[in-house]
Each structure stands twice: as structure tokens, then as C-alpha cells.
Amino acid sequence: MIKTVLLIICGVLLIALIVIVACNVAVMLACKEKKYEKVDTIPHREVGLLLGTCPVGHTGKPNQFFIRRIDATVALWNAGKFDKLLISGGNFPDGFNEPEEMKARLLQHGVPADIFTLDGDGFRTINSIEKTKELFDGKTVTIISQEFHNERALYLAKVKGIDAIAFNAGNTKSRRWRYQMKFRETFARVKAVFECL
């Protein structure tokens, strides 16, 4: 009896492992040769998609992911790498309005107000991708976020039929946060694949 139970448990764990690996491989294949890290090498696209995040971290300090995404967007705009910008993130009633916060910071850096489209319903990456499809169907897109996030966003964009590439914003200097985000992302990719299926 115990042996049978152990075999069932091992079988379930093996299947779960196979599913996790398969989903992560699917995401990696979808984003192959579509990521850029240098402004001078990324081609021009009609639309930039800046994925939202909170300006303040859990500790109350400035969120490094937020800062790096703003820096990346400013650099791309100054280099003429996109014409319009969709900022998609969450508008939380009891917290921050991510798109508005990002817009305000970009305006401070000289990015003109008339290029912005704000989407406060981008609580999840798939919501942001679907909004891009809705508003800019047929347009070429550059997704702007950290690499781990861009890879999943590129997978979702491919499934939704969006011609997208991505620019990898700088990462946080915290090794603990990098590992934590990679761990979280492993399972977020499984969820993304099953949602698309």
C-alpha cells in the first residue's frame, strides 16, 4: 500500500516537473532572437509597450525595476526607436496608479505627452498584451521590461499574433530579488501557457 502511494506521488511529481520544463521551454523558444539590450542595435518599431510596476518596493524604498524601465524607455525614445507608447499596468484603488506614475516620471525626462496611451487595466501581463492587440493591431511593437518578464510577454504576444520584440531594461542589484523573481517567473510561465491553451 505504502509503495503504491509512493509510486503515485513520484508519478505526479514527475508529470509536474515535465509540465514546468515544457512550459518554460515553450516560452524560451518564442522569444529566441527577439530580445535586445543595446539601444543602438534594436530596430525602430511603431509602438513601445511599457509594462507597469509599482514605483515603491515592499520595503518602502524606490523600486529598482520601475527605475530601470523608465531609464530604458527614455533611452529608446531619445534614440527614436518608437513613435507611440502604451503604458500598461494596474490602477489600484488602494495603492498606486502604475501607468500614471510612469507617465509622470517620463514627462520629467522630457518624453512628450502626446505619444502616451495609458491602460490602467494591465493588472497582469496577458491583460497588457491583449490591450496592445486591441489598440494597435497590425502595428510593430517593442516591449519594455526586465528580461525575465520580457520573455513571457513575448510568448504571449506571439500567441496573440502581435509582431513584437523586446528591450531588456536593467535589473535590480539585489541578488535575493533576482532569484526570487526568477523562481516566481518559472511558475508564471506555466500559468501563461495554460491560459493560452
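Only a predicted model underlies this, so the values are computations on that prediction, with no experimental measurement involved. Numbering of residues begins from 1 in every chain and follows the order in which that chain's sequence is written. In keeping with the model being predicted, local features are shown solely for residues with a pLDDT of at least 70 and side-chain atom pairs are shown and tallied solely at 80 or more, while totals for entire chains, interfaces and linings include all residues. Where side-chain values are given, they derive from all heavy atoms of the structure, hydrogens and water being excluded.

## Some thoughts on the pattern of salt bridges
In the sections that follow, a salt bridge refers to a side-chain nitrogen of Lys or Arg positioned within 4 Å of a carboxyl oxygen of Asp or Glu. In this structure the tally under the stated criterion is eleven salt bridges. For Arg 45, the salt bridge goes to Asp 163, with nearest N and O atoms at 3.0 Å. In this pair, Arg 45 is assigned in strand β2 (residues 45–51) and Asp 163 in strand β6 (residues 163–169), connecting sequence segments 118 residues apart. Each residue gets one of three labels from its accessible area relative to the maximum for its type: buried under 20%, exposed over 50%, partly exposed in between, using a 1.4 Å probe on protein chains only. Overall, the relative accessible area of 12% leaves Arg 45 in the buried class. Elements are defined by DSSP. Helices are runs of H or I of four residues or more, strands are runs of E of two residues or more, and each kind is numbered from the N terminus.

## Some points on the packing of aromatic side chains
Pairing of aromatic side chains here covers Phe, Tyr and the six-membered ring of Trp, requires ring centres within 6.5 Å, and sorts the geometry by plane angle: under 30 degrees stacked, over 60 edge-to-face, intermediate tilted. Tallying each qualifying case throughout the model produces three aromatic pairs. Plain terms: the ring middles of Trp 77 and Phe 82 are 5.6 Å apart, the flat faces sit at 45° to each other, and that makes the pair tilted.

## Here's the deal with unusual backbone geometry
With the exception of glycine, most residues fall at negative phi, and the peptide bonds are largely trans. The phi dihedral of Glu 33 is positive, around 60°, even though this residue is not glycine. With respect to the helices, strands and loops of the structure, Glu 33 is situated in the loop between α1 (2–30) and β1 (35–36).

## A short note on the sheet that holds β2
A strand pair is defined by DSSP finding two or more bridges across the two strands. Spatial strand order, β1-β6-β5-β2-β3-β4: six strands in an open sheet with parallel pairing. Each edge of the sheet is formed by a strand with only one pairing partner; in this case those strands are β1 and β4 (116–119). In this structure, β2 lies alongside strand β3 (residues 82–88), joined through six bridges in parallel fashion. What sits directly across from Leu 49, in β3, is Leu 86. Sheet contacts for helix α2 (residues 64–78): β2, β3, β5 (140–146) and β6; angle to β5, the most-contacted strand, approximately 145°. Should any heavy atoms of two residues lie within 4.5 Å, those residues are considered in contact. Lines are fitted to the C-alpha atoms to define the axes, a helix being fitted only along its stretch in contact, and any angle between axes, read from their N-to-C directions, falls within 0 to 180 degrees. Against the sheet, helix α4 (residues 125–136) engages β2, β3, β4 and β5, with an angle of about 155° to β2.

## So, α2
Taking 1.5 Å of rise per residue, the 15 residues of α2 would be expected to cover 21 Å, and the 21 Å separating its terminal C-alpha atoms lies within 8% of that figure. Between a side-chain oxygen at the N-terminus of α2 and the backbone nitrogen of Phe 65 the separation is 2.9 Å; the capping residue is Asn 63. Count one or two residues on from α2 and you reach Gly 80, which has phi positive near 70°. Expected span, for any helix, means 1.5 Å times one less than how many residues it has. N or O atoms within 3.5 Å of each other form a polar contact, as long as, within protein, one can give a hydrogen and the other can take it, and as long as residues adjacent in sequence are counted only when both atoms are side-chain atoms.

## Digging into the side chain of Arg 189
Positionally, Arg 189 belongs in helix α6 (residues 175–196). On the accessibility criterion, Arg 189 (7% relative accessible area) is buried.

## Side note on the packing of α1 against helix α5 (residues 147–159)
Where α1 contacts α5, the two axes come as close as 8 Å, and the packing angle between them is 80°. As far as their axial angle goes, α5 and α1 are roughly perpendicular. Where α1 approaches α5, its residues Ala 26, Val 27, Met 28 and Ala 30 are matched on the opposing element by Glu 151, Arg 152, Tyr 155 and Lys 158. Three classes are used, and their members are as follows: Ala, Val, Leu, Ile, Met, Phe, Trp, Tyr, Cys and Pro are nonpolar, Asp, Glu, Lys and Arg are charged, and the others, Gly among them, are polar. A per-class count over the contact of α1 with α5 returns five nonpolar, no polar and three charged. An angle counts as roughly parallel when it lies under 35 degrees, as roughly antiparallel when it exceeds 145, as roughly perpendicular when it falls between 65 and 115, and as oblique in every other case.

## Some points on the packing of α2 against helix α3 (residues 98–108)
The interhelical angle for the contact between α2 and α3, taken along N-to-C directions, is 50°, at an axis separation of 10 Å. On the basis of their axis angle, the class for α2 and α3 is oblique. Along this stretch, α2 crosses α3, giving a crossing that reads as right-handed. Judged by residue contacts, Phe 66, Arg 69, Ile 70, Thr 73 and Val 74 of α2 engage Glu 101, Met 102, Arg 105 and Leu 106 from α3. Considered class by class, the residues forming the contact of α2 with α3 number five nonpolar, one polar and three charged. Two helices cross in a left-handed way if the nearer one is turned anticlockwise from the farther one by less than a right angle. They cross in a right-handed way if the turn is clockwise.

## Digging into α5
For α5, which comprises 13 residues, the first-to-last C-alpha distance of 19 Å matches the rise-based estimate of 18 Å (1.5 Å per residue) to within 8%. Turning to α5, its buried residues number three or more, namely Phe 148, His 149, Asn 150, Glu 151, Arg 152, Ala 153, Leu 154, Tyr 155, Leu 156 and Ala 157. Positive phi appears at Gly 161, one or two residues downstream of α5, with a value of about 80°.

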